[in-house]
Amino acid sequence: MIKSAFSKYLIISIILLAVIGCTEKKKRILNLPSTDMAEASLIPKPLKIIATNEAFGLDHTTSIYTSANDKNFEKVGLFLADKIKSKTNLRLAVNDPEVPEVNGVIYINQSDSDELTTAEAYQLYITKDSIILNAKTAEGAFRGIQTIRQLIPEISNDTITELPVWVVPTGKILDIPNFEFRGSMLDVARHFFSVEDVKKYIDLLSYYKINALHLHLTDDQGWRIEIKSWPKLTEIGGSTEVGGEAGGFFTQEDYKEIVAYAADRYMMIIPEVDMPGHTNAASVSYPILNGNGKTPKLYEGTHVGFSTFDARKDTVYSFIDDVVREISALSPSPYFHIGGDESHVTKKSDYIYFVNRVEKIVQKYGKQMIGWDEVAQADVSSSSIAQFWDSEENAQEAVKKGMKVIISPAKKAYLDMQYDTLSKHGLHWAAFIPVDTAYVWSPEKYAGIPKENILGVEAPLWSETISNLEELEYLAFPRVIGYSELSWSTQENRDWDNFKVRLGNQAPYLDRMNVKYYPSELIDWKESKFTYKEIKKD
Ligand code: ACM
């Protein structure tokens, strides 16, 4: 048993000497973690790292303390303690004045340093005896603890010590996101995914500092959110999905649970109700909404562009008002996504009239409108946001209107595109997107959209070809990890050769989380070996 701070540092020094004394080859055999912070497999890559090449020994005598002036900092400390417990089986005290033996501290501190230029920025100072995380807000602290989690090796050094020590490299980090909006989208309409599935996706995304999950809640094949004033939307419209399976929907309580789970991870949930096209499920539930001149029938196929609301009927706008009102009341996000894509059977003049009217409804409920890039064709205000998925012309029109743009080009950022011709799931109408293609491009330079107009990057996952979590994970991972770096890290800090090594080193984390990622042959995946399981056996 390590009894004192002195003996603990002695042990760390021995470990350090062992690391320094080893050749690269021996290091791998002994599985000793590097103490060079600049070599740590951090994703997304922080803005600045200065390595000091020593080690902090995380063990059962480490204690976590947080700023007393903000309860949310304590919540972040408890979150970190919980994640350290699941990684290492160590139970670290948080703000406990009674701890008998403290030999190292993690201090999560509210700071007003001028270097912290955004709410999400953080500084990390790691020395031999402390880890100090500074942030202006608990949100920044939450981003910072993801970096601490990633700096803790999966494997402890328990060959030299009687009790395990996790060797954390020392140094300084200053980190500030490149884009304020870093998102993914999940289509729960073509196939429904459960609250538990969505929570797991949120957990994984938040580890990589992604802060927005856009839920595509409605489409031709299904309506997935309970609207109390229009109950048939889910009774009828929620009963089907692609391929004839049973469908499903979120009750308002379910939705609130997802929103709260995401909020605990400083992630917003953006609701999307796709209209005036992609509305077959709504029109089957309430045929009065339909505008394509045909009797709507439940649909389980994958074609697009055949449905539309009747853009000239006041009932349609009363309906939309109810839907936006009910969802906005559940949704703290400042955004409401109205879809607006592929309305191929809506007359152009009707489409423009529709988007103009719906934008006003969204604003009435205190939200900013987001729409797929087609909405830039309407007379939308500069406070609305265009999500660029397809048309450069529409994206340029959005810029002309002073709108912000979310960068999601299907050719580069669609998670449902197949990796290659052998991919088990996915489509390839836009492109095949192998793991390197997904990473090697610059959202800042895409299609000439000025950086000041870019709100951020989002990687959408459409679900025509996936119906369960395993299939979701196959398409999303590892590519979404690259999109986290494309949206958080600066262009100067992004480099494929460097990224692919860090990505390969995510395998032990992904395996521990039971993520069924696509093991691309472009990546040298690190073998997993868990100290935690070994401890549990004893
Ligand atoms: C889209 O992929 N239809 C936005």
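Right, let's walk through the structure included here. (Residues numbered from 1 in each chain as written. Predicted model: local features only at pLDDT ≥ 70, side-chain atom pairs only at ≥ 80, totals over all residues. Heavy atoms only, no water.)

**Brief notes about the overall build of the chain**
Per the secondary structure count, the chain includes 18 helices and 17 strands. Along the first, second and third principal axes, the C-alpha set of the chain runs to 80 × 50 × 45 Å. Counted over contacts in the chain with a minimum sequence separation of 6, partners at least 24 positions apart contribute 73%. Put simply, the chain shows about 20,700 Å² of open surface, and 52% of that area lies on carbon and sulfur atoms. Charge-centre separation for the chain: the mean point of 59 positive side chains lies 2 Å from the mean point of 75 negative side chains. (Helix = DSSP H or I, 4+ residues; strand = E, 2+ residues; numbered from the N terminus. Contact = heavy atoms within 4.5 Å. Areas by Shrake-Rupley, 256 points an atom, 1.4 Å probe, with all protein chains shown as cover. Lys, Arg positive; Asp, Glu negative; His and termini not counted. Charge placed at Lys NZ, Arg CZ, Asp CG, Glu CD.)

**Considerations on the side chain of Glu359**
Mapped onto the fold, Glu359 is located in helix α10 (residues 348-364). Beyond its immediate chain neighbours, meaning those up to four positions away, Glu359 contacts Met369, Asp379, Val380, Ser381 and Ser384.

**A closer look at the pairing of strand β5 (residues 122-126)**
The two faces of a sheet get side chains in turn, since along a regular strand they alternate between them. Burial analysis of β5 places 4 of its 5 residues in the buried class, the great majority of the element. Relative to strand β6 (residues 130-135), β5 runs antiparallel, the two sharing 5 bridges. Bridge assignment links Tyr122 to a residue of β6, and that residue is Ala135. As paired elements, β5 and strand β7 (residues 166-175) share 5 bridges and run antiparallel to each other. Note on β7: the bridge partner recorded for Ile126 is Gly171. (Buried < 20%, exposed > 50% of the residue type's maximum accessible area, 1.4 Å probe, protein only. Pairing = 2+ DSSP bridges.)

**Describing the sheet that holds strand β16 (residues 404-407)**
Pairing is parallel around the closed barrel formed by 8 strands, whose spatial order is β8-β9-β12-β13-β14-β15-β16-β17. Here the average twist between neighbouring strands, direction ignored, is 30 degrees. Sheet topology note: the strand β15 (residues 385-388)/β16 ladder contains 4 bridges and is parallel. When the sheet's bridge partners are listed, Phe388 is paired in β16 with Ile407. (Axes fitted to C-alpha atoms, helices over the stretch in contact; angles between N-to-C directions.)

**So, the packing of helix α5 (residues 195-207) against helix α14 (residues 469-476)**
Between α5 and α14, whose axes approach to 11 Å, the crossing angle comes to 25 degrees. Classed by the angle they form, the pair α5 and α14 counts as roughly parallel. Remark: the crossing between α5 and α14 carries right-handed chirality. Contact with α5, carried on its side by Asp197, Lys200, Tyr201 and Leu204, involves Leu469, Leu472, Glu473 and Ala476 of α14 and no other residues of that element. In terms of residue class, the contact of α5 with α14 is built from 5 nonpolar, no polar and 3 charged. (Parallel < 35°, antiparallel > 145°, perpendicular 65-115°, else oblique. Left-handed = near helix turned anticlockwise from the far one by under 90°. Nonpolar A, V, L, I, M, F, W, Y, C, P; charged D, E, K, R; others polar.)

**Describing helix α3 (residues 71-88)**
For α3, which comprises 18 residues, the first-to-last C-alpha distance of 26 Å matches the rise-based estimate of 26 Å (1.5 Å per residue) to within 8%. Listed as buried for α3 are Phe73, Val76, Gly77, Phe79, Leu80, Ala81, Lys83, Ile84, Lys87 and Thr88. One side-chain oxygen at the N-terminal end of α3 lies 2.8 Å from the backbone nitrogen of Asn72; it belongs to Asp70. Trailing α3 by a residue or two, Asn89 shows a phi angle of about 70 degrees, which is positive. (Expected span 1.5 Å × (residues − 1). Polar contact = N/O pair within 3.5 Å; in protein donor to acceptor, adjacent residues only side chain to side chain.)

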